Amino acid sequence: MNVPIYLDHHATTPVDPRVLEAMLPYFTREFGNPASRTHRFGWEAERAVEKARRHVADLIGAQPQEIVFTSGATESNNLALKGTAWASRGRGNHIVTLPTEHKAVLDTCHRLESEGFRVTHLPVGQDGLLDLDRLHAALTPETILVSVMAAHNEIGVLQPIAEIGRLCRERCVRFHTDAAQAAGKIPIDVQAASLDLLSLSGHKIYGPKGVGALYVRDASPPLALTPLADGGGHERGFRSGTLNVPGIVGLGAACEICSQEMREESVRLAALRNRLRDSILMKLGEVSVNGSLERRLPHNLHLTLAGVDAQALLMSLSELALSTGSACTSARPEPSYVLKALGLPDDQADASLRIGLGRFNTEEEIDYAAERIVEAVTNLRALSAAPFR
Ligand SMILES: *Cc1c(COP(=O)(O)O)cnc(C)c1O
């Protein structure tokens, strides 16, 4: 067993060796620019990019021409939100989202507010889920976009995107989902969920960092989306710039593997996750699971361990690679804004731990992790002399 054991798969995932294998020729031998139309190098690069586009599309039930390659989910979210807002000026100025969204959505909304757009952050329940009646009530004739993530990067909850999509389609409001944590982990279908825009990221699905995609529904008339950057008009004009061919090949290979293995992998990881949860809950009192238990990613566990400072806990768990929350915000000392939005008081938010299992974790590792967590929590509680057993 190699330590530290990696249990932080919501932050990033290792590149699957099969993905790396697929990418390697495109750094050296097949280095062509897919926009080169006059020789074999360009043709081969273009062929590889189009094959990857098919694999990405297949994973989410889209058509290949609906996939726009980007540098990751952050860029995809920016393009979806700013692109929609800028293209919709004059038609409406209202955007609806959740306070628990990833910063790539929240900070983008914040920027748009400074440009005069109005943003509604709908509250979520204690289970982290959106109440559809609230969404119904929030939509106005001015609403141009609803952005709700499919699966949460901290607490792992799955929003009712099919119901949200149906409502948005009825009201002629564009619907975007940040599926960086959902794609490749649970079935997601852009048709079934009436999606107009969907963001995904390579490095969350055992592909490389710095590559992702935005699904842009092929509608007639075409969806108006103002690009973030001007240039050669690549990717249907939505994303100019020479394509990251090795990265795109890796993203495609990662999507292909997920399409083939997601079903089995999610069953295996859910069983490991439940085993971990049960052994922790059996041996420790005063532990609660955050977020809906039913509507949840199979590989996510999010715990509040009463009386334990999670930062101190992580310091004493050097054999485990874990985190308290989003990698993008955990540099700041404040408690997670996500847990606050669920109504957790600061002391409970500070006692919370995010566990994200992944493709290469074994049962042996999970049993070891459970032992170490139980031991560390027991020691910390004894030190603090608080009334916990
Ligand atoms: C990781 C993540 C992002 C950012 O993706 P990058 O590809 O790293 O830019 C956005 N949203 C969610 C939900 C994520 O988990």
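Residues numbered from 1 in each chain as written. Predicted model: local features only at pLDDT ≥ 70, side-chain atom pairs only at ≥ 80, totals over all residues. Heavy atoms only, no water.

## Some details on the packing of aromatic side chains
This is how the line gets drawn: By convention, a stacked pair of Phe, Tyr or Trp rings (six-membered ring in the case of Trp) has centres within 6.5 Å and planes under 30 degrees apart, an edge-to-face pair has planes over 60 apart, and any other such pair is tilted. A helix here means a DSSP run of H or I that spans at least four residues, while a strand means a run of E at least two residues long, and both kinds are numbered starting from the N terminus. We call a residue buried when its accessible area falls under 20% of the maximum for its residue type, exposed when it is over 50%, and partly exposed in between, using a 1.4 Å probe and counting protein chains only.
Applying the stated rule across the entire model yields two aromatic pairs. Arranged with centres 6.0 Å apart and planes meeting at 90°, the rings of Tyr206 and Phe360 form a pair that is edge-to-face. Highlighted residues: Tyr206 in the loop between β7 (197-201) and β8 (212-216) and Phe360 in the loop between β12 (352-356) and α11 (363-384), separated in sequence by 154 residues. When its relative accessible area of 40% is taken as the criterion, Phe360 is described as partly exposed.

## Observations regarding the sheet that holds β8
In plain terms, the rule: Only when DSSP finds a minimum of two bridges between them are two strands counted as paired. What counts as an axis is a line fitted to C-alpha atoms, over the stretch in contact for a helix, and the angles between N-to-C directions run from 0 to 180 degrees. Contacts: residue pairs with any heavy atoms within 4.5 Å of one another.
Spatially, seven strands are ordered β2-β8-β7-β6-β5-β3-β4 in an open sheet, and the strand pairing comes out mixed. In the strand order of this sheet, the two ends are held by β2 (67-70) and β4 (118-121), each with one partner. Pairwise comparison of adjacent strand axes, ignoring direction, gives a mean angle of 20° for this sheet. Where strand β5 (residues 143-147) and strand β6 (residues 174-178) come together, three bridges link them in parallel fashion. Bridged to Val146 within β6 is Phe175. Contacting β3 (94-97), β4, β5 and β6, helix α4 (residues 103-114) runs over the sheet at an angle of about 160° to β3.

## Focus on the packing of helix α2 (residues 40-60) against helix α7 (residues 245-283)
Convention followed: With the far helix as reference, a near helix turned anticlockwise by less than a right angle produces a left-handed crossing, and one turned clockwise produces a right-handed crossing.
At a closest axis distance of 8 Å, the pairing of α2 and α7 adopts a crossing angle of 35°. In this structure, the crossing between α2 and α7 has a hand that is left-handed. Along its contact with α2, which presents Ala45, Ala48, Val49, Ala52, His55, Val56, Asp58 and Leu59, the element α7 presents Val245, Ile248, Val249, Leu251, Gly252, Cys255, Glu256, Cys258, Ser259 and Met262.

## A closer look at α4
Counted only if it meets this: Here the expected length of a helix is defined as 1.5 Å per residue gap, with one fewer gap than residues.
Taking 1.5 Å per residue as the helical rise, α4 with its 12 residues ought to reach 16 Å, and the 16 Å between its terminal C-alpha atoms agrees with that figure. Of the surrounding elements, those touching the buried residues of α4 are α3 (73-87), β3, β4, β5, β6 and α9 (337-341). The first or second residue beyond α4 is Gly116, which carries a positive phi of 105°.

## Structural notes on the environment of Ser71
Using the following cut-off: Side-chain atoms alone can form a polar contact between residues adjacent in sequence; in general such a contact is a pair of N or O atoms within 3.5 Å, and within protein one must be able to donate a hydrogen while the other accepts it.
Inspection of the secondary structure assignment puts Ser71 in the loop between β2 and α3. In this structure Ser71 comes out as partly exposed when scored by relative accessible area, which is 35%. Ignoring sequence-local partners within four residues, the contact set of Ser71 consists of Gly210, Val211, Gly212 and Arg239. A polar side-chain atom of Ser71 sits 2.6 Å from a polar atom in the side chain of Glu75.

## Here we look at the site of the ligand
Our working definition: Each residue is tested against the molecule or strand, and it is near if at least one of its non-hydrogen atoms lies within 4 Å. Under the convention used here, a 1.4 Å probe and the Shrake-Rupley method define accessible areas, while residue burial counts only the protein chains that appear. Each residue receives one of three labels: charged for Asp, Glu, Lys and Arg, nonpolar for Ala, Val, Leu, Ile, Met, Phe, Trp, Tyr, Cys and Pro, and polar for the others, Gly being one of them.
Taken together, Gly72, Ala73, Thr74, His102, Met149, Asn153, Asp178, Ala180, Gln181, Ser201, His203 and Lys204 make up the full set of residues near the ligand. In the model, an oxygen atom of the ligand is placed 2.9 Å from a nitrogen or oxygen of the Ala73 main chain. Separating an oxygen atom of the ligand from a side-chain N or O atom of Thr74 is a distance of 2.6 Å. Protein coverage of the free-state accessible area of the ligand, which is 390 Å², stands at 89%. By residue class, the composition of the shell around the ligand is three nonpolar, seven polar and two charged.

## Examining the pairing of β8
Counting buried positions along β8 yields five of five residues, so the element is predominantly enclosed. Side-chain alternation along β8 places Gly212, Leu214 and Val216 on one buried face and Ala213 and Tyr215 on a second face that is also buried. Here five bridges tie β7 to β8, and the two strands are oriented antiparallel to one another. The residue bridging Ser201 from the neighbouring strand is Gly212, located in β8.

## Concerning the sheet that holds β12
Reading across from one edge, β9-β10-β12 is the order of the three strands in this open sheet, with antiparallel pairing throughout. The sheet terminates laterally at β9 (287-289) and β12, the two strands that pair on one side only. The average angle at which neighbouring strand axes cross in this sheet is 25°, direction not considered. When β9 meets strand β10 (residues 300-305), the two strands line up antiparallel, connected through three bridges. Across the sheet, the residue bridging to Val287 is Leu305, located in β10. Helix-sheet contacts for α7 involve β9, β10 and β12, and the interaxial angle to β10 is about 15°.

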